[in-house]
Amino acid sequence: MKVNRNFVPSKNSRYWVKVRQIARWLHSDGCTGVPDFYLDCCLEHDIHYRTRKTLGGTPVSRNWADTRLRRCIQNRSIFGLFS
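None of these values were measured; they are calculated from a predicted model.

Caption draft 1: Broad picture of the overall build of the chain. A count of helical and extended segments in the chain gives 3 helices and 0 strands. Of the regular secondary structure in the chain, the N- to C-terminal order runs α-α-α. Burial statistics for the chain: of 83 residues in total, 41% are counted as buried. By sequence separation, contacts in the chain at least 24 residues apart represent 53% of the contacts at least 6 residues apart. As displayed, the chain has an accessible area near 5,700 Å², and 55% of this comes from carbon and sulfur atoms.

Now the structure itself:
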């Protein structure tokens, strides 16, 4: 199954609540040196790295997780694709 790495849920969706819950369970610390307004993106990235799966259980690679993190940050940045 192909997973869309471009789709980023809205900032206040239930998805991010679930990300925060799972990240807390995994003792995730987010990203070092990255502003807090990208924290959810970093927590999601930690989940993908540690479990090698999406929240839905689909297997993913580290490359996929890295690309997903970049797209998430770009989506939340005022600079968009230039972030």
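That was the structure; now back to the text.
Caption draft 2: Layout of the packing of helix α1 (residues 14-25) against helix α2 (residues 39-51). Viewed as axis vectors pointing N to C, α1 and α2 meet at an angle of 60°, and their least axial separation amounts to 9 Å. Judged on the interaxial angle alone, α2 and α1 are oblique. Classified by chirality, the crossing of α2 by α1 is left-handed. On α2, the residues that touch Y15, W16, V19, R20, I22 and A23 of α1 are D40, C41, L43, E44, I47 and H48.

Caption draft 3: Molecular detail of the packing of aromatic side chains. All chains considered together, the criterion is met by 2 aromatic pairs. A centroid spacing of 5.0 Å and a plane angle of 85° characterise the contact between Y15 and W16, whose relative ring orientation is edge-to-face. Taking the relative accessible area as the measure of exposure, Y15 reaches 25% and is therefore partly exposed. Considering the side-chain rings of F37 and Y38, the 4.6 Å spacing of their centres and the 65° angle between planes classify their relative orientation as edge-to-face.

Caption draft 4: Spotlight on unusual backbone geometry. Phi is positive for H27, which is not a glycine, with a value near 60°. Of note, R52 is a non-glycine position whose phi angle comes to about 60°, a positive value. Looking at where R52 falls in the secondary structure, it is placed in the loop between α2 and α3 (62-76).

Basis of the calculations
- Residues numbered from 1 in each chain as written.
- Predicted model: local features only at pLDDT ≥ 70, side-chain atom pairs only at ≥ 80, totals over all residues.
- Heavy atoms only, no water.
- Helix = DSSP H or I, 4+ residues; strand = E, 2+ residues; numbered from the N terminus.
- Buried < 20%, exposed > 50% of the residue type's maximum accessible area, 1.4 Å probe, protein only.
- Contact = heavy atoms within 4.5 Å.
- Areas by Shrake-Rupley, 256 points an atom, 1.4 Å probe, with all protein chains shown as cover.
- Axes fitted to C-alpha atoms, helices over the stretch in contact; angles between N-to-C directions.
- Parallel < 35°, antiparallel > 145°, perpendicular 65-115°, else oblique.
- Left-handed = near helix turned anticlockwise from the far one by under 90°.
- Phe/Tyr/Trp six-rings, centres within 6.5 Å; stacked < 30°, edge-to-face > 60°.

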